[in-house]
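# Understanding the architecture of this molecule
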Amino acid sequence: MSILLKGGPIAKVIRKEIKAKIEKYISQGIIPTLGVLIAGNDPAVEVYTAMIEKNCEKVGAVFKLYRFSENINTEKLASEIVDINRDPLVHGLIMMLPLWSHIDEKIILNTISPDKDIDGVHPVNAGKNVLGEETFVPSTAQASKDILNYSQIEVSGKHVVIVGRSNIVGKPLANLLIQKAEGANATVTVCHSRTKNLKDICRSADILIAAIGSPNFITEEFTNPDQVIVDVGMNESIDKEGNYILTGDVDFNSVNDKVAAVTPVPGGVSPLTNTALLNNLLKAVEIQTK
Ligand code: NAP
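Residues numbered from 1 in each chain as written. Predicted model: local features only at pLDDT ≥ 70, side-chain atom pairs only at ≥ 80, totals over all residues. Heavy atoms only, no water.

On the surface, a cluster of nonpolar side chains totalling about 210 Å² of accessible area is made up of Ile26, Ile31 and Val62. Its location among the elements puts Ile31 in the loop between α1 (8-27) and β2 (33-38). The exposure class of Ile31 is partly exposed, given its relative accessible area of 38%. (Patch = residues over 30% accessible without salt bridge, like charges linked within 9 Å, V, L, I, M, F, W, Y side chains within 5 Å. Areas by Shrake-Rupley, 256 points an atom, 1.4 Å probe, with all protein chains shown as cover. Salt bridge = Lys/Arg side-chain N within 4 Å of Asp/Glu carboxyl O. Helix = DSSP H or I, 4+ residues; strand = E, 2+ residues; numbered from the N terminus. Buried < 20%, exposed > 50% of the residue type's maximum accessible area, 1.4 Å probe, protein only.)

Inspection of the region around the ligand gives 21 residues, with Thr140, Arg165, Ser166, Ser193 and Val232 positioned closest. Within the backbone of Gly213, a nitrogen or oxygen atom sits 3.4 Å from an oxygen atom of the ligand. Here Thr273 contributes a side-chain N or O atom positioned 3.1 Å from an oxygen atom of the ligand. Coverage of the ligand by the protein chains reaches 69% of its 930 Å² of free accessible surface. Residue composition of the shell around the ligand, grouped by class: nine nonpolar, ten polar and two charged. (Near = heavy atom within 4 Å. Polar contact = N/O pair within 3.5 Å; in protein donor to acceptor, adjacent residues only side chain to side chain. Nonpolar A, V, L, I, M, F, W, Y, C, P; charged D, E, K, R; others polar.)

This part covers the environment of Lys16. Relative to the assigned elements, Lys16 resides in helix α1. As for Lys16 and Val59, which are separated by 43 residues in sequence, their C-alpha atoms are 7.6 Å apart.

A few words on helix α3 (residues 74-86). An ideal rise of 1.5 Å per residue puts 18 Å on 13 residues; α3 measures up with 19 Å between its terminal C-alpha atoms. Burial in α3 covers these residues: Thr74, Leu77, Ala78, Ile81, Ile84 and Asn85. Buried residues of α3, seen end-on, are gathered within an arc of 115° and therefore sit on one face of the element. Facing away from the buried side of α3 by more than 90 degrees, the exposed set consists of Glu75 and Arg86. Close packing links the buried residues of α3 with β2, β3 (62-67), β4 (92-95) and α4 (105-111). (Expected span 1.5 Å × (residues − 1). Arc of directions from axis to C-beta. Contact = heavy atoms within 4.5 Å.)

Once that is clear, we can look at the pairing of strand β8 (residues 228-231). In β8, alternate side chains face the same way, and those of Val228 and Val230 on one face and Ile229 and Asp231 on the other are all buried. Direction of pairing for strand β7 (residues 207-210) relative to β8: parallel, over a ladder of four bridges. Paired with Ile207 across the strands is Val228, a residue of β8. By the bridge criterion, two bridges tie β8 to strand β11 (residues 261-262) in an arrangement that is parallel. (Pairing = 2+ DSSP bridges.)

Before going further, it helps to spend a moment on the sheet that holds β7. Read from one edge to the other, the open sheet built from six strands follows the order β1-β11-β8-β7-β5-β6, with strand pairing classed as parallel. The open sheet has two free edges, formed respectively by β1 (3-4) and β6 (187-191), since each of these has just one partner strand. Pairing analysis gives two bridges linking β1 to β11, with the strands arranged parallel. Across the sheet, the residue bridging to Leu4 is Val262, located in β11. Strands in contact with helix α6 (residues 139-150) are β7 and β8; relative to β8, the strand with the most contacts, it is inclined by about 145°. Sitting on the sheet, helix α7 (residues 170-178) is in contact with β5 (159-163), β6 and β7, with an inclination near 170° to β5. (Axes fitted to C-alpha atoms, helices over the stretch in contact; angles between N-to-C directions.)

Without other data, these values stay purely geometric and don't point to any function.
Okay, here's the thing in structure tokens:
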């Protein structure tokens with residue numbers, strides 16, 4: 001049986017630490033507040049927003065929702081964000097995507113103050129991550145590293161293959177793992193849809209990280225028996241009985257028993273994505289109350 005790397009128990013410990021830090025801030029009259037901005041109508045955004053609200057409640061942070069209707073334009077939305085940037089009572093901001101189709105996403109994301117950008121999507125924060133400076137790292141990328149570090153999986157000197165090069169997972173994760181820092185120092189290969197010999201490259205990995213968005217894509221043929229697999233995939237579908245199900249990018253049944261360790265979906269990376277976001281909120285509070 002492969003070792004199952006579960007994120008839930010780790011997240012429980014981290015959440016306790018976050019809760020204690022928030023209680024300390026509150027005792028000093030500072031109420032850590034996370035703002036979510038919605039300017040679109042994707043149902044998945046509503047599910048994600050509800051989850052963020054629940055996670056805030058669990059640790060005692062305040063959750064604030066800003067909803068903008070379809071008749072707002074890019075200029076007006078940007079000016080609303082500038083106002084929220086100036087609000088000292090809101091520390092962290094997340095702009096939910098996708099936006100209404102007529103809104104310029106790049107302008108909007110660049111308008112969020114880098115000091116409140118707890119999603120780590122502002123170019124200033126993405127650039128700092130490349131340079132190895134302290135910054136807001138996108139929570140899923142941070143969580144993918146956290147599950148390895150907290151599970152005591154040695155990363156230093158290991159060949160990590162990441163399948164996926166998005167700006168919110170693959171690229172920031174590659175930057176985190178190559179840093180000259182504790183819990184990093186990996187040799188990283190980033191693969192994507194144009195990569196040739198993908199199976200061979202994946203098989204050569206000590207640690208294989210799948211962030212593809214394609215259910216059950218990684219099967220036994222991509223693996224080796226000593227490999228640790230981190231499955232970032234969260235593919236949503238409805239089963240025959242009409243139940244909502246989540247499937248990873250890794251075919252769990254195919255790789256289980258064939259590799260050293262694997263993260264389950266759900267219950268692997270995702271719980272740590274939630275704590276990484278809350279830790280970013282704490283970082284934002286620290287920056288703004290210094
Ligand atoms: P994305 O923006 O769609 O990026 C997918 C990446 O996979 C792209 O770089 C793409 O290559 C690559 N890819 C697609 N098909 C491929 C193939 N056949 N062979 C090799 N590479 C291929 O997705 P994302 O936002 O990074 O998300 C990745 C996964 O993580 C999804 O399953 C998503 O649901 C999940 N996710 C999980 C969490 C969590 O909390 N656990 C949070 C966010 C996302 P190209 O660049 O060449 O197109």
